[in-house]
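What follows is the residue order along each chain.
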Amino acid sequence: MKMNDLLLGLHTDPFLTTVVVGLIWPMVQAALDRPYWTPARRKVLLAVVAVVVSLAVWVAGTYPATWRLIIAQASVFLGVAWSVFQVLSAIRINGVTIIDWVGAVTPGGESVEEVRAAADSATSTRVVDGAELDSRD
């Protein structure tokens, strides 16, 4: 199977398309991220991308175009993208999340040195049964 066949066939199953794009989008957004972006701006960008992707698949799709389908597609995209983001934010390499590493190694974000310095200065503690414990990172 050629890549063109795969790309041209994505419109036949809209949920497959929204899941594939939802899996990839957190990494793309991390690469586009800027240090001055607020969490609200990031959430708005995610919502806009969800609507655009859902509309594109909805228009190109072979299923009947109903408002319920576009709502379902947008919901699937948002759910998958949010889940992937949460997983990538939880996995740490040398005390830095994968999302932070993606932002550091792509142009426009924080530098690798800034990310490492932030990881070194952020000593996290956990509280278990009322006692503070050092970070396991």
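Before any of the text, the structure's been laid out above.
What comes next concerns the included structure.

Basis of the calculations
Sequence positions are assigned chain by chain, starting from 1 and proceeding in written order. Confidence filtering applies because this is a predicted model: local features only for residues at pLDDT of at least 70, side-chain atom pairs given and counted only at 80 or more, and all residues used for totals across whole chains, interfaces and linings. Neither water nor hydrogens contribute to the side-chain values; these are computed over all heavy atoms in the structure. One speaks of a salt bridge when a side-chain nitrogen belonging to Lys or Arg is within 4 Å of a carboxyl oxygen belonging to Asp or Glu. Note on terminology: a nonpolar core comprises buried Ala, Val, Leu, Ile, Met, Phe, Trp, Tyr and Cys residues joined through side-chain atoms within 4.5 Å. Only protein chains enter the calculation, and the probe is 1.4 Å; a residue is then buried if its accessible area is under 20% of its type maximum, exposed if over 50%, and partly exposed in between. By definition, any uninterrupted DSSP run of H or I lasting at least four residues is a helix, any uninterrupted run of E lasting at least two residues is a strand, and each is numbered from the N terminus. The contact definition used throughout considers only heavy atoms, calling two residues in contact when any of these lie within 4.5 Å. Residues forming no salt bridge and having over 30% relative accessible area are the ones grouped into patches, like charges within 9 Å of each other and nonpolar side chains (Val, Leu, Ile, Met, Phe, Trp, Tyr) within 5 Å. Only the protein chains shown count as cover for residues, and all accessible areas are computed by the Shrake-Rupley method using a 1.4 Å probe.

## Brief notes about the pattern of salt bridges
A pair can form between side chains of opposite charge whenever their charged atoms are brought close.
Piece 1. Applying the stated criterion to the full structure yields 1 salt bridge.
Piece 2. The partner of Asp-33 in a salt bridge is Arg-42, with the nearest N and O atoms 3.0 Å apart.

## Notes on the nonpolar core
Piece 1. Core analysis: the largest hydrophobic core is formed by 8 residues, namely Trp-25, Leu-46, Val-49, Ala-50, Val-53, Val-57, Phe-77 and Ala-81.
Piece 2. A per-element tally of this core places helix H3 (residues 39-60) first, with 5 residues.
Piece 3. Setting aside residues up to four positions removed in sequence, Leu-46 forms contacts with Trp-25, Gln-29, Phe-77, Leu-78, Ala-81 and Trp-82.
Piece 4. The next biggest cluster of nonpolar side chains, apart from the first, holds 7 residues, and it includes Ala-30, Val-80, Leu-88 and Val-102.

## Focus on a nonpolar patch on the surface
Piece 1. A cluster of nonpolar residues, Leu-16, Val-20, Leu-23, Ile-24, Val-28 and Leu-32, forms a patch on the protein surface that exposes about 460 Å² of accessible area.
Piece 2. Note on placement: Ile-24 falls in helix H2 (residues 14-32).

## Notes on the environment of Phe-77
Piece 1. Examined against the element boundaries, Phe-77 turns out to sit in helix H4 (residues 67-90).
Piece 2. Taking the C-alpha atoms as reference points, Phe-77 and Thr-17, separated by 60 residues in sequence, lie 8.9 Å from one another.
Piece 3. Beyond its immediate sequence surroundings of up to four residues, Phe-77 is in contact with Thr-18, Val-21, Gly-22, Trp-25, Leu-46, Val-49 and Ala-50.

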